[in-house]
Amino acid sequence: MGNSYAGQLKTTRFEEVLHNSIEASLRSNSLVPRPVFSQLYLEAEQQLSALEGASRVDNEEEEEEGEGGLEQNCPPNPYQMHPPPEGCCTTDGFCQAGKDLRLVSISSEPIDVPAGFLLVGAKSPSLPDHLLVCAVDKRFLPDDDGHNALLGFSGNCVGCGKKGFCYFTEFSSHMNLKVTTQPKKQKHLKYYLIRNAQGALTKGPLICWKGSEFRSRQASASACSSSLFPPLESSGLPAPFPSEPGPGTTPSLPLGAPQAGPASDHASLTAAVGPAVFNGKDSPKHQPLVKHSLSAAPRPSALGILSNSGPPKKRHKGWSPESPSAADGGCPQGGGNRAKYESTGVTCMPQVGLVGPASVTFPVVASGEPVSVPDNLLKICKAKPVIFKGKYSSHGHFPYLCGNLNDVVVSPLLYTCYQNSQSISRAYGQYGASTIQPISEEMQLLLTVYYLVQLAADQVPLMEDLEQIFLRSWRESHLTEIRQYQQAPPQPVPPAPGAVAPVTSAQLPWLAGLAASSCNDSVHIIECTYSLAEGLSEMFRLLIEGKLAKTNYVVIIRACRSAAIDSCIAVTGKYQARILSESLLTPAEYQKEVNYELVTGKVDSLGAFFSTLCPEGDIDILLDKFHQENQGQISSSLTASSVTKSASLDVSGTPVCTSYHLEPHRIRPFQLAVAQKLLSHVCSIADSSTQNLDLGSFEKVDFLICIPPSEVTYQQTLFHVWHSGVLLELGLEKEHVTKQRVEQYVLKLDAEAQTKFKSFLQNSFQNPHTLFVLIHDHAHWDLVSSAVHDLYSQSDPSVGLVDRLLNCKEVKEAPNIVMLHVTSFPYALQTQHTLISPYNEIHWPASYSNGVDLYPENKKYFGLSEFIESTLSGHSLPLLRYDSSFEAMVTALGKRFPRLHSAVIRTFVLVQHYTAAMMAVSGLSQMKNYTSVETLEITQNLLNSPKQCPCGHGLMVLLRVPCSPLAAVAYERLAHVRARLALEEHFEIILGSPSSGITIGKHFLKQLKMWQKIEDAEWRPQTYLELEGLPCILIFSGMDPHGESLPRSLRYCDLRLINSSCLVRTALEQELGLAAYFVSSEPPLEKRARSEALESDAEKLSSTDNEDEELVTEGSTSEKRSPVKRERSRSHDSASSSLSSKASSKSPRGSARCGESPAQAQPAGPSRGDRARSPQPCGPAEEGRAPGERQWPQAGRGPPSAISRCSPGLAPQPDPGLKTGQWSIQVSVPSLSSSGSSSSSAMPAAGPLVLQAAQCSMTKACRRPPVVFLPKLVYDMLTSTDGSGLPKAASLLPSHSVMWASSFRPLLSKTMTSTEQSLYYRQWTVPRPSHMDYGSRAEGRVDGFHPRRLLLSGPPQIGKTGAYLQFLSILSRMLIRLTEVDVYDEEEININLREESDWHYLQLSDPWPDLELFKKLPFDYLIHDPKYEDASLICSHHQSVTSEDRGTRRKPEDLYVRRQTARMRLSKYAAYNTYHHCEQCHQYMGFHPRYQLYESTLHAFAFSYSMLGEEIQLHFIIPKSKEHHFVFSQPGGQLESMRLPLVTDKSHEYIKSPTFTPTTGRHEHGLFNLYHAMDGASHLHVLVVKEYEMAIYKKYWPNHIMLVLPSIFNSAGVGAAHFLIKELSYHNLELERNRQEELGIKPQDIWPFIVISDDSCVMWNVVDVDCGGERSREFSWSERNVSLKHIMQHVESSPNITHYALIGVRKWSSRTGSREVREPFSRCHVHDFIILNVDLTQNVQYNQNRFMCDDVDFNLRVHSAGLLLCRFNRFSVMKKQIAVGGHRSFHITSKVSDSPMAIVPAQYICAPDSKHTFLAAPAQLLLEKFLQHHSHRFFPLSLKNHGHPVLSVDCYLNLGSQISVCYVSSRPHSLNISCSDFLFSGLLLYLCDSFVGAGFLKKFHFLKGATLCVICQDRNSLRQTVVRLELEDEWQFRLRDEFQTANAKEDRPLFFLTGRHI
């Protein structure tokens, strides 16, 4: 019974099939490859296994935890042991004979142990804390390697002494083990027992059962008889094995039938892990796990029939779990063929869920014994193992560790990852998809093992990868369900079968072991029974014994009886453990650790090691020796060369080098485009209905730029602000701006910032009419919440400063502060809790769209995407490289010095390399072997470049050392070596740290001054840009770059020391952003290879939001990259040579780059925030400005042709002799959007190592970006792609301060625009508790966005500073423009025709006209309004007009187009259109909570009017808020009248006269908001609109009263509106008189005036006159703006006002002279803004048919009726030029729609009954237009004959400017001029009525040949009129002289008859 296996598998068939299957599955994309076990057994033994399946209850190979297929809550099926004999002992811990077996009891008792037997400790499930002692024959126990244990058992009881137990089952009964499953020795015999020094028995080492990996694993793959498998559900796919009952569906990754467990796992895993199938697009949206974790959902209950599963029972010939093939993974290459393409770089494992440092944390409660960490662990292992807690059951705890805790790191990251992956996506949850279960814990662990197995030796696990694997696996298991709820795009893999088996916890260790069997022991599985503590102890033992030397990962699994499993994963690989443990440190802890190592002298051992490397002893000794030998000759040669150099300069007077040019300051097209986008976003905030920004209320712009505390960035920003001229443009400073003044506008966020910021806030409070723009530059820096600062107030005071200042309540609530966040890495500001609305994000635009260059520039931006692109084959030189010999040395030293942080090791190695390279270049050639080829190249070029330029210009090498103490060490060492080698004057070494400025030596200072022509003795460079051309090594320290721009002479960017904490997307891209560059695109580019267009280019990711903008997607040049995948040569490590490689500096660079294993190349995807914005230009300097003057900071600038490193640096001109084939960046200037890969003429093989011909390095610099050296890890991350086609780096966590909301998230896609990428991060990331946005709002609440915050993002160094400074300028211009308005500014016309006589009003100081005096004034018939410049002159007997008097005429078409305007600042009393929003007029406009928009009512109002012959029905729309102005009938609420005040009212609270404004086509632009014009006074304002426009006017002006004209007037002109206003007002006056008469008020006391105002009256002015004496001719005057209220109240309070019929004001003009304002009042025409007495003018009507000049016509009628017209000359109205609506809204078109002909006024009339084209226009309009332009056809004698005008009876029609008219009224008692002196040249009778009789016409005299024109409504009336007026007596008519307007009959044309005077 289980003591012997019936044989071994002798053939190699199992081994072959197993490994073939594993290999196939690893490579396979299909989900279900053919399972290995079905291949082996089912073919021959199907029937046998099916029969045996039901009768194996007592089989000891049964699975021990037999509930695999049961529901979670089913009780386990107890193992049926034989009942104990009667009367025996059954107590736990005692044998059946009653003897104590517990170790604690008998440890000191002597025990008889037979020869060949060992004492071992057995574990009983019922006594977990005790070991039971027994004696076992050692032949049945394994040796140290877990091998050679005989099958079977032989043991003795040490309690009662009973011997000879041959079955472990029997033995366990005797020991009262009371197990629930079949007892097995492997499971229960746990420890060897040994005697200690005192002779007591103690627990010794674990018994090394190989079965802890394999024996139980074999069993656990088989299901026990109680395991039930549900039947196969029909899924449309054939069952895997037709002859077998299939398995059921489960919530785990699809497996085949249970027999196929391992193999199909492999397959599914590769499907899930392989990059090709990571398709994020159809991935579900998820429920973010914030504060809760979901426990595993219960498995579905499964019912069905029994089925065989698992490996064969031992009676099946040929299966042994310990056969060498199974146990050793026989064929290592099977799994060794790992997926290399799945390049997983270092994980950034930020501190998920960790508070405080990510150090070892332990649960308070421990289960079982503590696990002791061995003392010498680090010494032996050479690295600290990192233990990731995995799954542990809710009641279990992670074991308690004790002992040497410093040598181990514990992290909860994996646990968090597992928990997150248990969450089910929101997208499916909302459909109630209860069938979709989360991925099971077992499957998670199994997938993790698979993932670890396929990692290469130099790869590090990445949590993001694991999450994607889980997501992919989960999605594939639920394709059917997911598709029910979401129509997903087609899958790249075939759908999974609907029926698959779950992985049970019992199968898990077995399957994990099988997975690990193929990996050559890089993953080691330890299975433990009771707790993880056993496994950890075992792992530590193996580590100490050195048995895990080849193992990188140890997976410890405890699969216990309950369904829950416990697991943890220890990373023991030296490389991986080091990187992971260091990545768990926060930046602060990293600094602290390095500091500690430096301070305590731990690094001395490293220094000592280096000094031994040198062949001739210590390097310093060699240096000293060299120094002494060469001192004399070097100094002499140096001075000689410097003398000759300076001589050559002095002779010519200017530098010989032509590469150092200053380029004028200019704004680039891109910056202008971005500035305009910013402006349009600000405008859209102002235009939105939320009233969050009232742009109209601001008069000027002020700003403050907040930057990180970096001195260089500060100086750089001051420099940009100063040279941009923005301060002068905003009017903030006067002519000469000093540097001290500029400092007020830039705030460095350091300890002193608070004071400066307070004064800024104070300033904003005191100036509510100034718009303050708070610019937060480098906005991704310091996002720490101020709450964190409050917690740790003793820490750095600048922590949380941004939050404390920029997010303070005052800033948030100030209505005049707009905040603009500017950053290249916006991700941390794009979380679920962000304060910035997605609509307020502005992304840098792409430069290309569909091959069209949107913003042509002579420089192209070269950013991260282009750098990545350069690594693809087809480019002669990759610009991104890594240094393999450097990496090899670092790895070797890492093992040698395990206690030192790798940053320390890397720094020391790099400094050593530079030291050796400098020595080698200086002549100590033997040192070449002690540096790398890369470092040697850098050093050679650094030292040689100045020699190739007559001026000594050289190149800059940037050496990035993030940790300041290490930077100081590097600086001191390199400076020392430089001094010993006498190179002090060859190149400078500069230590750049954020806190300090730049220090350089006198020699180099002198050179810079000479190059930049600076005279100032005190000048020092303050920005890196001013180091242009200086040969130097810049050691750039500080944990983060703060936006410092680098000069164009930067040639090498050495980032080999960036540490693993940079492995979040922001930090990584920030480091690489240092190398971003502008490349001159001047050289001819026609040789660039063009390739086919690629639809979705890799760089779209960071394109702009090109949805509906004018700036569209990217591209590089017009070419796009071909879709064909390129192969990338795998090794860009610069030299394949080893550390000792003798590669000389001349070796061709390209040769080292042969492709070893071509892997798939990806389109270089954006790995950075900005990635895809195509090659963008920048303003000349990082952000873009270049100095314009010589004073501070005095850096020069480059020419347009050169490459401005985005800086004001000095750009070289391209050397005319330079051949285009040579790096004229045809080599690698693919656009940033990596859409263009310019494969180009290859460069000469000798590459940059051979600096050809003497040529200044500056010339080359302008055509090629710097070369960037990276750590191998980072290099791999950038050059390998994930499933989306983007670089791995793009899927990293976006920033340290955020975390993923869930593991169930799709991948970023390379087709995403920046906007889509922002939305992705907004959905899938949440801020950490330390992030300033953490508490900002509940998720998803839209009102959580701050309305006045904007975010500008763009690639590093592209010119964002220049763009936002330009934005400030155009914002300021727009505000000024918003507060300005174009008003008509024209002189009055016909002034000189007025005769100076004594009919002027001479009481100059009268505030009101004196009625008696005024009556004596004659009426001035002349029109003075300049808009009537082209109108006919009206003659009176006072004027004798000659044709010359009228001045020059404009052409008719110029009218309205070229009228003169002036730009005026709006006063506080202006009238506004619908775009004005301010607090004061909210209620007035109806945006008030008390008045809902729809609260207005429609009222009909009818009155009869005899002239129209019918009743007129008008409609009023009256808002609720205005109903108090009206009277309604009590019962029915019918509108009765509009309330009118009394003449005697003296109140100044309101305006008495109702204002009517007729309007058409100006619902947006009409100036109907009179709130400010009326100075807040109560007034009644009615808009008069046409019926078809009612709805749109009501929408825009919901709180205005509307008077809607009847529909018959829809095509009428302004005359109809005036006519109806006046008639309605008179009718209302009558109604009010009747109503108020009942109240005892006299009819004459009711106020009779109304105001009729144009919709373009914008402001009103008053002239203040100082007369200086009554009769004095001298007087002074001034004009000021006043409110309409002031004017109205002044006019309304005039004495005897009711005696005036019409009152008006002057039209404003800037040319108004004293003559116009000298007389306070005139009796003349009034226009535009009139106050009309409807009572006096009762019998004078407007002509309702008129379109033009109806006011002149009405004025003449009023005067002829004997009524007074008075114009107040000292009041004037300004009229705004409005380009839409009004009279322009009438278009005259043909009724025949397809007529293409333009219609001219001559075609407006035709002969009656002709076939003339009829026009779609009112007859009256055609008539007026025709007469205006062609009246000379009717009145030929009148042309330019002003002495003989045309007599116009009862009407004024404009006959054109060259014909004068004389107006007479036919009404009895009317006032007319004396016509006895006149001989008229024509007679115009227009629709004359019965008052015109034959006798009336006989009074007038006409010239011989004068012409007559009679106009009537129809031909009939025409004839009647001729007869009635006896016209044929004096006038001769011909038939052909009859005409009509060109209207169809239905449009009622007008008819004319012309005749000649006889």
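Higher on the page you've got the structure.
About the thresholds
Residues numbered from 1 in each chain as written. Predicted model: local features only at pLDDT ≥ 70, side-chain atom pairs only at ≥ 80, totals over all residues. Heavy atoms only, no water. Disulfide = S-S within 2.5 Å. Buried < 20%, exposed > 50% of the residue type's maximum accessible area, 1.4 Å probe, protein only. Pairing = 2+ DSSP bridges. Helix = DSSP H or I, 4+ residues; strand = E, 2+ residues; numbered from the N terminus. Axes fitted to C-alpha atoms, helices over the stretch in contact; angles between N-to-C directions. Phe/Tyr/Trp six-rings, centres within 6.5 Å; stacked < 30°, edge-to-face > 60°. Parallel < 35°, antiparallel > 145°, perpendicular 65-115°, else oblique. Contact = heavy atoms within 4.5 Å. Nonpolar A, V, L, I, M, F, W, Y, C, P; charged D, E, K, R; others polar. Lys, Arg positive; Asp, Glu negative; His and termini not counted. Salt bridge = Lys/Arg side-chain N within 4 Å of Asp/Glu carboxyl O. Core = buried A, V, L, I, M, F, W, Y, C linked by side-chain atoms within 4.5 Å.

Caption draft 1: The state of the cysteines, seen in detail. Enumeration according to the criterion identifies zero disulfides in this entry. Left without a disulfide partner, C134 is nearest to the cysteine sulfur of C157, which lies 8.6 Å away. Here C157 stays free of any disulfide, with the sulfur of C160 as its closest cysteine sulfur at 3.7 Å. Exposure remark for C157: the relative accessible area of 4% places this residue in the buried category.

Caption draft 2: Spatial organisation of the sheet that holds strand β24 (residues 1032-1036). Pairing in this open sheet of six strands is parallel, and the strands run β21-β29-β25-β22-β24-β23 from one edge to the other. Sheet topology places β21 (880-882) and β23 (988-992) at the edges, where each strand pairs with a single neighbour. Between one strand axis and the next, the sheet turns through 20° on average, direction left out of account. Of the pairings in the sheet, the one linking strand β22 (residues 956-960) to strand β25 (residues 1050-1054) comprises four bridges and is parallel in character. Among the inter-strand pairings, L959 is bridged to a residue of β25, identified as D1054.

Caption draft 3: Representation of the packing of aromatic side chains within the structure. All told, the structure shown has 40 aromatic pairs when counted by the stated rule. The interplanar angle of 75° and the centroid separation of 6.1 Å between the aromatic rings of F609 and F897 together place this pair among those described as edge-to-face. Note that F609 is positioned in helix α20 (residues 604-611) and F897 in the loop between α31 (884-896) and α32 (902-921), a separation of 288 residues in sequence. Classification of F609 by relative accessible area gives buried; the value is 17%. Looking at F897, the relative accessible area reads 13%, which means it is buried. Relative to Y1593, the ring of F1568 has its centre 6.0 Å away and its plane inclined at 50°; by these criteria the two rings are tilted. Placement of the pair is F1568 in the loop between β40 (1555-1558) and β41 (1581-1585) and Y1593 in helix α43 (residues 1590-1596), with a sequence separation of 25 residues. Connected via pairs of aromatic rings, a cluster forms that spans F1878, F1880, F1896, F1900, F1902 and W1931.

Caption draft 4: Local environment of the sheet that holds strand β5 (residues 201-206). Spatially, five strands are ordered β3-β2-β1-β4-β5 in an open sheet, and the strand pairing comes out antiparallel. Only two strands of the sheet have a single neighbouring strand rather than two, namely β3 (155-156) and β5. Sheet topology note: the strand β4 (residues 189-195)/β5 ladder contains four bridges and is antiparallel. Pairing of L193 across the sheet is with K203, part of β5.

Caption draft 5: Structural context of the packing of helix α19 (residues 587-599) against helix α34 (residues 964-980). Close contact between α19 and α34 brings their axes to 8 Å; oriented N to C, the two are set at 45°. One finds that α19 runs oblique with respect to α34. Here α19 contributes Q591, V594, N595 and L598 to the contact with α34, which in turn contributes S964, P965, L966 and V969. Looking at the contact of α19 with α34 residue by residue, the class counts come to five nonpolar, three polar and no charged.

Caption draft 6: Broad picture of unusual backbone geometry. Backbone geometry places H778, a non-glycine residue, at a positive phi of 55°. Residue placement: H778 occurs in the loop between β15 (770-777) and α27 (786-791). The phi dihedral of E1926 is positive, around 55°, even though this residue is not glycine. Tracing the sequence through the fold places E1926 in the loop between α50 (1915-1924) and β57 (1931-1941). Classification of E1926 by relative accessible area gives partly exposed; the value is 38%.

Caption draft 7: Examining the pairing of strand β16 (residues 817-823) more closely. The buried fraction of β16 amounts to seven of the seven residues, a majority that puts the element mostly inside the structure. As paired strands, β15 and β16 are joined by six bridges and run parallel to one another. Paired with V773 across the two strands is V818, which belongs to β16. Bridging between β16 and strand β32 (residues 1349-1353) involves five bridges; their strand directions are parallel. Its bridge partner being in β32, T823 is matched across the sheet by S1353.

Caption draft 8: How the structure looks around the side chain of D694. Mapped onto the secondary structure, D694 falls in the loop between α22 (669-687) and β13 (700-707). Here D694 sits buried without a salt bridge, and the closest side chain of opposite charge, R1348, lies 11 Å off (N-O distance). Residue contacts for D694: discarding those within four places in its chain leaves H1477 and C1478.

Caption draft 9: Expanded view of the nonpolar core. The biggest cluster of nonpolar side chains holds 160 residues, and the ones touching the most others in it are V523 and L1278. Sorting elements by how many residues they give to this core places α32 first, with 13 residues. If we skip the residues at most four places from it in the chain, V523 touches V449, L452, V453, A516, T551, Y553 and V555. In terms of nonpolar packing, the next biggest core, distinct from the first, is built from 117 residues, Y1505, V1740, L1883 and L1927 among them.

Caption draft 10: Quick look at the pattern of salt bridges. Taken as a whole and judged by the stated rule, the model has 58 salt bridges. Taking the shortest distance from any N to any O, the salt bridge between R960 and E1071 comes out at 2.6 Å. One end of the pair, R960, is in strand β22; the other, E1071, is in helix α36 (residues 1065-1072), with 111 residues separating them in the sequence. In this structure, R1048 and E1028 form a salt bridge, with 3.3 Å as the shortest nitrogen-oxygen distance. In this pair, R1048 sits in the loop between β24 and β25 while E1028 sits in the loop between α35 (1002-1012) and β24, placing the two residues 20 residues apart along the sequence. The exposure class of R1048 is buried, given its relative accessible area of 0%. One continuous salt-bridge network, built from bridges that share partners, spans D1425, K1427, D1654, K1707, D1728 and K1775.

Keep in mind that these numbers describe shape and distance, not what the molecule does.
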